[in-house]
Structures are given as structure tokens and as C-alpha cells.
Amino acid sequence: MSTTPIDATAHTPHIRGMSEVFTGSFTQQEPIPEDGIEAALAVLRHGRLHRYNVASGELSETALLEQEFAALTGAKYALAVASGGYAMATALRACGVKAGDKVLSNAFTLAPVPGAIASLGAEPVFVGVTENLTIDLDDLQAKTGQARVLLLSHMRGHICDMDRLMAICDAAGIVVIEDCAHTMGASYNGVASGRHGVIGCYSCQTYKHVNSGEGGFLVTDDPLLAARAVMLSGSYMLYERHLAAPSPDVFEQIKYDTPNISGRMDNLRAAILRPQLQQLDAQCAAWNVRYDTLEDGLRGTPGLQVIEREPAAHAVGSSIQFLLLDWAGDSIAEVLRRCAQRGVDLKWFGAQEPTAFTSRYDSWRYAPSTPMPASDRILSGIVDMRVPLTFSLDDCALIARIIRAEVGAVFQNQA
Ligand SMILES: Cc1ncc(COP(=O)(O)O)c(C=O)c1O
């Protein structure tokens, strides 16, 4: 990734003298690995894209992918589906959530999470966010009486104290479904993210940790939940073609009562994903070294708070956040504008109007909510940045220098 020192005064009256500018793309992911491309071509050549369309004796790419994902997460059962959002809605349905039910979930997450709840006609009950950008466990404790299911989002890879969360939920009889869209490859206390709750849901969408354009997984150890999820995803009566699903007798118990709500994975995407799963650990390590470079560069910037991780959490730094806590909105907007002028694309969860993916609990007006002042204070200060693996470590160091300089300049003017 190239970086160009320019005389920014030629373009921007706010930057004087020689300023470094970043010229890379914040949305450019790596190409699909060659063996994924080869495998995809093989599927295209034989034409059996539908997961249940197999030649005699053939195991489909999708069934093999599920088997490999189950092994990777240590789960008994895995199901590959059309998207992470579909995985969450299916998990909720499999757990018996119905129209009118309330489901606890994070106030700080992305729109597909409350959207999955709303897709069943259920209603999110939002739980606050801490300065670590994890779910507020005191608030969760206070709201346990309001729902019997928690859809817990490990938003932006920040994993809360899972021991305390599970203790709260177990004591209250709350079923935990984990949204691991940002934690595929992450773990807590050595246990894969998604394996603390009853079901873990993952996304394979382009900006996540594996890339098939669209796609998702769910994993569980519970045979009835797994069988329901397989039927829900649109297995017809072909569930015996799965390799990471329960035995047929479990399906016998639910097959007449479980609707088909098609959202299957196909063999083309599965073929693209299988080699990526093999590389997941190495990819996560590559993200983390970039994350650490960015964090090291940002730590100690006056007015800027880095996000501390739970000690037991092993996260994946595919994006980075920091807080400009208690800053005036205009000043945060000024930081974003100045960074953008130097090629650094930051997003802000506190803007008046949600843009792109930065909506908040109070933007989801289909789901009634009461104001949460402590969370609003934090949401107002969250600045967010993607870290694609196409960035070099030098890129990350440069980006951190630019943010540090611009936050510092605006902070000084504020003071
Ligand atoms: C936190 C979070 N959860 C769930 C999802 C849903 O994933 P998908 O886009 O595959 O439906 C996303 C996607 O952006 C997400 O960011």
C-alpha cells in the first residue's frame, strides 16, 4: 500500500506544511485464495450448485464445509446458511421465539441483530454498553425478568466477561444465542467464541473473517436445536445428506412441526470458504498484529481512549474503535473530516443521522426503546475503523500517526 507525502495546504486549508496522507482503500479485502478459486471453478464446471444436488457417492462441498466448521469450533453440529442474519433468525426460531416475544440484545450492535429479532415479529429489549464496548452486565442483570432469550452480539470483536454473563443468564434461566459475526476465530478462556451459549451464529459476508460474499453458520451441541435449524434452513427431507447434523431419529421428532424457511448455503460459496477456514488462524494473527500496531500508535493520545479488552478474551482485530468521550459533536465531526482529508476513513456512531452501518438502538424505531443516558454517552463517542488485511504494518503505523495528529489538533483547539 503506497503512502504519499503531499503539501496538503494545496488542497486543505486546515493542514499546513508537509503532511502524510494514506492512499489505501478501507474496503479492499484480499483476493479469494487460489485453491478456493480452483474449487469454485470445479463446482461451476460440474454444475451441481445446490447443496443437495450430489452425484452418486458424492459429499457436497456444503456438507464438508459444515463438518470442517464443526471441528474448528469444537461443536457437535454445524449448519451453513445464506447469511449471518439468517443464522440468527434461525437460531431464535429454533429456540422457540415467537411473534410478540421479547429478546434481550445489545444497544451497541449492527442493524442485522435487532433485524433478526424483528423478522420473527419479536421485540428487542436493548441492554446498555460499557466503555469496553461490551454489553453492560449490571444492566443485563437488571433486565433478566423481561425476556427468556438473549441474542448477545460480540460487536466489533469485544467479548465481555463471559463467565459472569453466563452466570447471570443461567441463574435467570435465559437462553444465550451468540452473534459471532465479528468473533469467528476468537476465543474466551480458550473456548471458541460462539461456544458459551446454546447456539453460536457467524457471518461469511465479505467484510468478515472469511469471505464468500454472503453466507453464515450456526453451531450447537443440542441435537434438537440442530435438527430444527436444518429443517428451518430448507432441508426438505434430505437431512441425511448432512455430515454435521444429528441422527435421523432426532429429525423424526420435529420434521412435521418445523417449517421450511429456505436460506441454504450453496456449493459454490462452500467451495470458496473451505480453503479459507484452513487459513483462519493465520488470518486472525495477521489482523491482530495490525490491530496492535494501530493501538500502540493511538494509545496515549490526549483526549482519546483506547478500548481495553477482557484479559480472558482472545479477539480478532479486524476493525478498531476508540472513544472520544464527552467531546462536543462538532469536534468529533471535525476529527473525521480532517482524517478523511488525509485518506483515513473513520465512522462515528454518535452522528445525529445514521449513515452506512452506524445506526444505534434509537435508530431502530420499529423496536421501541427507552433512552439509556449512560450508553448514549458512550455511543456518542465511538469512532470506528475497518482494518482490511490489505493494509501493511507501515500503513497501520501511518494511519495511527494521522489519527493521533488530527485528534490532538482538534483536542487542543477544544481546550
Ligand atoms: C454484528 C453483526 N452481526 C450480524 C451481522 C449479520 O451478518 P450478515 O451480513 O451475514 O447477515 C453483521 C453483518 O454486518 C454484523 O455486523
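Residues numbered from 1 in each chain as written. Predicted model: local features only at pLDDT ≥ 70, side-chain atom pairs only at ≥ 80, totals over all residues. Heavy atoms only, no water.

### Regarding the overall build of the protein
Helices and strands together make up the secondary structure of the protein, namely 12 helices and 16 strands. Relative to the 2.2 N^0.38 estimate, which gives 22 Å for 415 residues, the radius of gyration of the protein is 22 Å and therefore close to what a compact globule would have. In terms of overall dimensions, the protein has a C-alpha envelope of 70 × 55 × 35 Å along the principal axes. Counting across all 415 residues of the protein, residues that qualify as buried make up 54%. Contacts in the protein between residues far apart in sequence, at least 24 positions, make up 71% of those at least 6 positions apart. Accessible surface, the protein as shown: approximately 16,600 Å² in total, 52% of it carbon and sulfur. Of the side chains in the protein, 33 bear a positive and 46 a negative charge, and the two mean positions are spaced by 4 Å. (Helix = DSSP H or I, 4+ residues; strand = E, 2+ residues; numbered from the N terminus. Rg over C-alpha atoms; globule rule 2.2 N^0.38 Å. Buried < 20%, exposed > 50% of the residue type's maximum accessible area, 1.4 Å probe, protein only. Contact = heavy atoms within 4.5 Å. Areas by Shrake-Rupley, 256 points an atom, 1.4 Å probe, with all protein chains shown as cover. Lys, Arg positive; Asp, Glu negative; His and termini not counted. Charge placed at Lys NZ, Arg CZ, Asp CG, Glu CD.)

### Focus on helix 12 (residues 393-414)
The first and last C-alpha atoms of helix 12 sit 31 Å apart over 22 residues, in line with the 32 Å expected at 1.5 Å per residue. Every buried residue belonging to helix 12 is among D395, C396, L398, I399, A400, I402, I403, E406, V407 and V410, and all of these are buried. (Expected span 1.5 Å × (residues − 1).)

### Some remarks on the sheet that holds strand 13 (residues 313-314)
Judged by pairing direction, the sheet is antiparallel, and its 3 strands sit side by side in the order 9-8-13 without closing on themselves. In this open sheet, the two edge strands, each paired with only one partner strand, are strand 9 (191-192) and strand 13. Inspection of the sheet shows strand 8 (residues 187-188) paired to strand 9 by 2 bridges, in the antiparallel sense. The partner of Y188 across the bridge, within strand 9, is V191. (Pairing = 2+ DSSP bridges.)

### Digging into the site of the ligand
Neighbouring residues of the ligand: 16 residues in total, closest G84, G85, H182, S203 and K208. The separation between an oxygen atom of the ligand and a polar main-chain atom of G84 is 2.7 Å. Measuring from a nitrogen atom of the ligand, one finds a side-chain N or O atom of D179 at 2.8 Å. Among the secondary structure elements, those contributing two or more residues to the shell around the ligand are helix 3 (84-94) and helix 4 (112-118). Per-element accounting of the shell around the ligand gives the leading share, 3 residues, to helix 3. Looking at the shell around the ligand residue by residue, the class counts come to 5 nonpolar, 9 polar and 2 charged. (Near = heavy atom within 4 Å. Polar contact = N/O pair within 3.5 Å; in protein donor to acceptor, adjacent residues only side chain to side chain. Nonpolar A, V, L, I, M, F, W, Y, C, P; charged D, E, K, R; others polar.)

### Let's talk about the nonpolar core
L150, L165, V344, M385 and I403 are the most contacted members of the largest nonpolar core, which totals 74 residues. Per-element tally for this core: the top contributor is helix 9 (residues 267-298), with 9 residues. Beyond its immediate sequence surroundings of up to four residues, L150 is in contact with L104, S105, I135, L140, L165, C169, I174, V175, V176 and I177. The next biggest cluster of nonpolar side chains, apart from the first, holds 34 residues, and it includes M88, A116, A227 and V230. (Core = buried A, V, L, I, M, F, W, Y, C linked by side-chain atoms within 4.5 Å.)

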